[in-house]
Amino acid sequence: MSLLTKPPVTRKRFSGISTPFFPWLAARLWHFIGAVSVRTKILGIVLGLVLLLGIVTTLEVRAMSQRALTQRLAEQSVSVARDVAARATDLILINDLYALHQLLEETRRNNPDVRYVFVIDPDGAVLAHTFGSGFPAELLAANAAPVDAHHHTVALVTDESTVWDTAVPIFNGQAGLARVGLSAASVQATVRTLTGQMLLTTVMVSAVGIAAAVLLTWIVTRPILELKTAAEAVGQGDLQQQVRPWADDEIGDLAIAFNTMTTDLARAEQERAEREHLRAQLLEKVIAAQEEERRRIARELHDETGQALTSLMVRLQMMNQQCPLPELKPQMEDLRDGLAETLDNIHKLSMELRPSVLDDLGLQAALQRYVQDYNRRYPVQVDLLVVGLEEERLPPPVETAVYRIVQESLTNIARHAHAANGSVLVERRHGRVRVIVEDDGIGFDPQQVARNGRLGVYGMKERAELLGGTLTIETEPGQGTSVFVEVPL
Ligand SMILES: Nc1ncnc2c1ncn2[C@@H]1O[C@H](COP(=O)(O)OP(=O)(O)O)[C@@H](O)[C@H]1O
Ligand SMILES: [Mg+2]
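Computed from a prediction, not measured in an experiment: that's the story for all the values here.

Thresholds applied
- Residue indices begin from 1 for each chain and proceed along its sequence in written order.
- Whichever chain is written first becomes A and whichever ligand is written first becomes 1, with later ones labelled in order.
- Local features are withheld for residues below a pLDDT of 70 in this predicted model, meaning they are given only at 70 or higher, and side-chain atom pairs are given and counted only at 80 or more; totals for whole chains, interfaces and linings count all residues.
- Neither water nor hydrogens contribute to the side-chain values; these are computed over all heavy atoms in the structure.
- Strands are runs of DSSP state E lasting at least two residues, helices are runs of H or I lasting at least four, and both sets are numbered from the N terminus onward.
- In this setup the radius of gyration rests on C-alpha atoms only. A globule is expected at 2.2 Å times the number of residues raised to 0.38.
- Summary of the burial criterion: residues with accessible area below 20% of their type's maximum are buried, those above 50% are exposed, and those between are partly exposed, where the area comes from a 1.4 Å probe applied to protein chains only.
- Contacts between residues were defined by any pair of non-hydrogen atoms, one from each residue, lying within 4.5 Å.
- Accessible surface is estimated by sampling points in the Shrake-Rupley manner with a 1.4 Å probe; for residues, cover comes only from the protein chains shown.
- Surface patches are defined over residues having more than 30% relative accessible area and no salt bridge, joining like charges when they lie within 9 Å and nonpolar side chains (Val, Leu, Ile, Met, Phe, Trp, Tyr) when within 5 Å.
- In what follows, salt bridge is the name for a side-chain nitrogen of Lys or Arg lying within 4 Å of a carboxyl oxygen of Asp or Glu.
- Near residues are defined by distance, with any heavy atom within 4 Å of the molecule or strand qualifying the residue.
- Definition of a polar contact: a pair of N or O atoms within 3.5 Å, with one able to donate and the other able to accept a hydrogen when the atoms are protein atoms, and with sequence-neighbouring residues admitted only if both atoms are side-chain atoms.
- Take the number of residues in a helix, subtract one, and multiply by 1.5 Å to get its expected span.
- Axes are fitted to the seven residues ending at a residue and to the seven starting at it; the angle between these axes is taken as the bend at that residue.
- Remark: nonpolar core denotes a set of buried residues (Ala, Val, Leu, Ile, Met, Phe, Trp, Tyr, Cys) joined through side-chain atoms within 4.5 Å.
- For Na, K and Ca the donor cutoff is 3.2 Å, while for all other metals N, O and S atoms must lie within 2.8 Å; water is not among the atoms, so some sites may look incomplete.
- Note: pLDDT gives the predictor's confidence per residue, expressed from 0 to 100.
- At least two bridges found by DSSP between two strands is the condition for calling them paired.
- Fitted lines through C-alpha atoms serve as axes, helices being fitted only where they are in contact, and the angles separating the N-to-C directions of these axes extend from 0 to 180 degrees.
- Neither His nor the chain termini are counted; the positive set is Lys and Arg, and the negative set is Asp and Glu.
- Note on charges: their place is set at NZ of Lys, CZ of Arg, CG of Asp or CD of Glu.
- The pairing test for Phe, Tyr and Trp rings, Trp by its six-membered ring, is centres within 6.5 Å, and the orientation test on the planes gives stacked under 30 degrees, edge-to-face over 60, and tilted for anything in between.

Draft legend 1. The overall build of the chain, seen in detail. The helix and strand tally for the chain stands at 11 helices and 10 strands. Expected size for 489 residues packed as a compact globule is a radius of gyration near 23 Å; at 56 Å, the chain overshoots this value by more than 25%. For the chain, buried positions account for 32% of its 489 residues. Contacts in the chain between residues at least 24 apart in sequence constitute 62% of all its contacts with a sequence separation of at least 6. Within the structure as shown, the chain displays about 31,200 Å² of accessible surface, and the carbon and sulfur contribution to it stands at 59%.

Draft legend 2. Quick look at a nonpolar patch on the surface. A contiguous nonpolar surface patch, about 460 Å² in accessible area, is contributed by F21, F22, W24 and L25. Mapped onto the secondary structure, F22 falls in helix α1 (residues 21-35). Using a relative accessible area of 62% as the deciding quantity, one classes F22 as exposed.

Draft legend 3. Expanded view of the site of ligand 1. In the vicinity of ligand 1, 15 residues are found, and the nearest of them are E408, N412, H416, D439 and V457. Contacts to ligand 1 include H416, whose side-chain N or O atom sits 2.9 Å from an oxygen atom. Here an oxygen atom of ligand 1 and a backbone polar atom of V457 are 2.8 Å apart. When the free accessible area of ligand 1 is taken as 530 Å², the share hidden by the protein chains comes to 86%. Within the residue set of the shell around ligand 1, elements represented by two or more residues are α9 (396-417) and α11 (456-466).

Draft legend 4. Local environment of helix α2 (residues 38-93). The end-to-end C-alpha separation of α2 is 82 Å, in line with the 82 Å expected for 56 residues at 1.5 Å each. Of all bends in α2, the biggest is about 30 degrees, found at R87. A positive phi of about 60 degrees marks N95, the residue just after α2.

Draft legend 5. Local environment of the nonpolar core. Residues L363, L410 and V426 are the most contacted members of the largest nonpolar core, which totals 33 residues. Sorting the residues of this core by element identifies α7 (356-360), α8 (363-377), β6 (381-387), α9, β7 (421-429), β8 (432-439), α11 and β10 (481-488) as the ones contributing at least two each. Ranked by residue count, the leading element in this core is α9, at eight residues. With near-sequence residues (within four places) excluded, L363 lies in contact with L358, L389, L394, E399, V402, Y403 and V426. Grouped together as the second largest cluster of nonpolar side chains are 27 residues, A99, L104, V119 and I170 included.

Draft legend 6. Structural view of the coordination of the magnesium ion (ligand 2). Taken together, the protein donors to the magnesium ion (ligand 2) comprise E408 (OE) and N412 (OD1), at separations of 2.1 Å. Of the two residues, E408 and N412 both sit in helix α9, four residues apart, roughly one turn of that helix.

Draft legend 7. Main features of helix α3 (residues 97-110). If you check α3, its first and last C-alpha atoms are 20 Å apart, about what 14 residues at 1.5 Å a residue would give, namely 20 Å. Turning to α3, its buried residues number three or more, namely A99, L100, L103, L104, E105 and T107. The secondary structure elements touched by the buried residues of α3 are α2, β1 (114-120) and β2 (126-129).

Draft legend 8. Broad picture of the confidence of the model for the chain. Put simply, the chain has an average pLDDT of 89, and 96% of its residues get 70 or more. Ignoring residues within four places in sequence, the model shows residues 1-16, a span with pLDDT below 50, making two contacts including any to other chains.

Draft legend 9. Highlighting the side chain of T89. The residue T89 is located in helix α2 in this model. Residue classification places T89 among the buried residues on the basis of a relative accessible area of 13%. Aside from chain neighbours lying at most four places away, what touches T89 is I170 and F171.

Draft legend 10. Quick look at the sheet that holds β10. Reading across from one edge, β6-β7-β8-β10-β9 is the order of the five strands in this open sheet, with mixed pairing throughout. Every interior strand has two partners, whereas the edge strands, β6 and β9 (470-475), have only one. Across the sheet, the axes of successive neighbouring strands diverge by a mean angle of 10 degrees, strand direction being ignored. Pairing between β8 and β10: eight bridges, direction antiparallel.

Draft legend 11. Structural context of the environment of A288. On the secondary structure map, A288 appears in helix α5 (residues 250-322). Distance from A288 to L97, taken between C-alpha atoms, is 137 Å for residues 191 residues apart in sequence.

Draft legend 12. Structural view of the pairing of β1. The buried count for β1 comes to six of seven residues, which makes it a mostly enclosed element. In this sheet, strand β5 (residues 176-183) lies alongside β1 in antiparallel orientation, the contact comprising six bridges. Pairing of V119 across the sheet is with A178, part of β5. Hairpin geometry of β1 and β2 is characterised by an intervening segment of five residues between the two adjacent antiparallel strands and by a positive phi of about 95 degrees at G124.

Draft legend 13. Fine view of a negative patch on the surface. Residues E333, D334, D337, E341 and D344 make up a contiguous surface patch of negative charge. Tracing the backbone shows D334 in helix α6 (residues 329-353).

Draft legend 14. Region of interest: the packing of aromatic side chains. Across all of its chains, the model carries nine aromatic pairs by this definition. Centre to centre, the rings of Y370 and Y374 are 6.2 Å apart; their planes meet at 35 degrees, and the pair counts as tilted. With a gap of four residues between them, Y370 and Y374 both fall in helix α8, about one helical turn apart. Y374 carries the same exposure label as Y370, and that label is buried. Between the aromatic rings of Y370 and Y403, the centroid separation amounts to 5.9 Å while the plane-to-plane angle is 75 degrees, which identifies the pairing as edge-to-face. With a gap of 33 residues between them, Y370 in helix α8 and Y403 in helix α9 connect regions that are remote in the sequence. Accessibility classification places Y370 together with Y403 in one group, the buried group.

Written out as C-alpha cells, the structure reads:
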C-alpha cells in the first residue's frame, strides 16, 4: 500500500479551542479570588459564612413557625366554632336571638384573632352575626358543613390576610350552622417580627464577625507583611534583615527559617566578597607583573639587541666600503639587508610588547603610533579620535589598561571582523574615561563566545573592572561590533 492510498489520519483536538465550562469557571474564580488580599479573603469567608448561616436559619425558622402557628390557628378556629355551636343550641331552640347575639359578641371580644362569628338557621337565613351594619352575603357560600360532620374548615384568602373559616352544624344541623372566622393576621405579624429579629441578629453577628475577622487578619497578616518587607530588602541586597518570630506557629517557623537564611546568605556573601577581593588582588598583581616583564623584555630588545645589531650593521657597512675583493660585495649587501629586516622585526616586537612611547609620551601618542602602524599592516581603515588628554596624562594603570583594551579590540577586528572601517574614540570627561571601539564587520554572538571560553574579551573586561569601570559589547551577527568602556578616574 503506497503512502498516497493511505486514508488520512484525522486527529481532533479541542483543548485550547474551547475549554470545558467548569475548569474555566474554576480558573476565573481563582483568578478573581487570587487577586484580592488575604485580609479580604478572610473577611469574605467570615462574612459569607455568617450571612449564609443567618439567612438559611432565618428562612427555616420562619417556615417552621409559620406552619406551626397556622396549624394552631386552624385548630383554634375549630374549637371556637364548636364552642359557639354548643352554647348556641339552647338559645336557638328557645329563639332568644338577643342572647345569641350577645354570645357571638362575647366570643369575638374574648379572642382577638376572631374576625367574625355568625349563625344561620337550617334554611340558610342569618340569625345573628358580628358584622354590625352589613353582612357580606358572599360569605354564606364560602363554607358549609354536612349535617353529620364534626366540622369543616376552609382557608379564605382576603386582601389583608388569610381567614380560617370553620363551619359546625348545630344540633346535628337541625338548629342551623355556626360559622367562625379566625384571621391569620396576628400569626403573620408574629412571623414577621420573628424574621426581623433573626435578621437583626444575623446583622449583629456579622458585625461581630467582621470585627473578629479584622483582628484575626491583623494578627495573621502582620508577621507576613513584615516578612514580605524584609524579603524585599534582602532582594535589594540588604542581608542584615532579621524578623521577629511572632508566635510559635507555622508563621513563627517561617520567620526563624527566614532569619537563618539571611544569616547564611550574609555569611556566604562575605566569603564571596573576600574571595573576590583576593582574586582581584591576585589578578592585579599578575597583570602588573606581566606589564613589567613586557616592559623589561621590550627595553632589553631595544637597548641591548637593537644596539648590538645596529653597531653590527655599521661595521658591516664600513667593511663593505673598505673591502678590496669586489666579488664579496653582493654577499655583504645580502647580509646587511637581512640584518636590517631582523632589526625591523625586533623593533615591531618590542613595540607590540610595550611601546616605550606609552611610558615616555603618554596614551595619546602611543595610540596614534599604534593606529598608524595598524592601518599600514591591515586592510582596515581605522580612525582615531582622542579628546581631553592634551593637558594632563592619565594615571599609568588607566593608560596601560586603555591601551591594552584598544590593542585587543583592534586585533580582534583584524582577525575576526572582516571589516572595512573601524574607529577608536578615547574621551576624558567629567572625571571618567570613555572608550568606544567600533567596526562595520560581521559581528558575533556574545553568548556563544562566552561559552567558548576565549580569553581576549574576558581579559578586557577584567582590566576595566579592576579599575572600577565597566566594559560592554554591543554586537549581533552581521551588524558590526561596538566595545564600550568606561573607567572612573
Ligand atoms: N570585532 C569582532 N568582530 C567579529 N567577531 C569578534 C570580534 N571580536 C571578537 N569576536 C569574536 O569573539 C571571539 C572571542 O574573542 P577573544 O575573546 O578576543 O578571543 P580570540 O581573539 O582569541 O579568538 C572571537 O573568536 C571572535 O569569534
Ligand atoms: Mg582576541
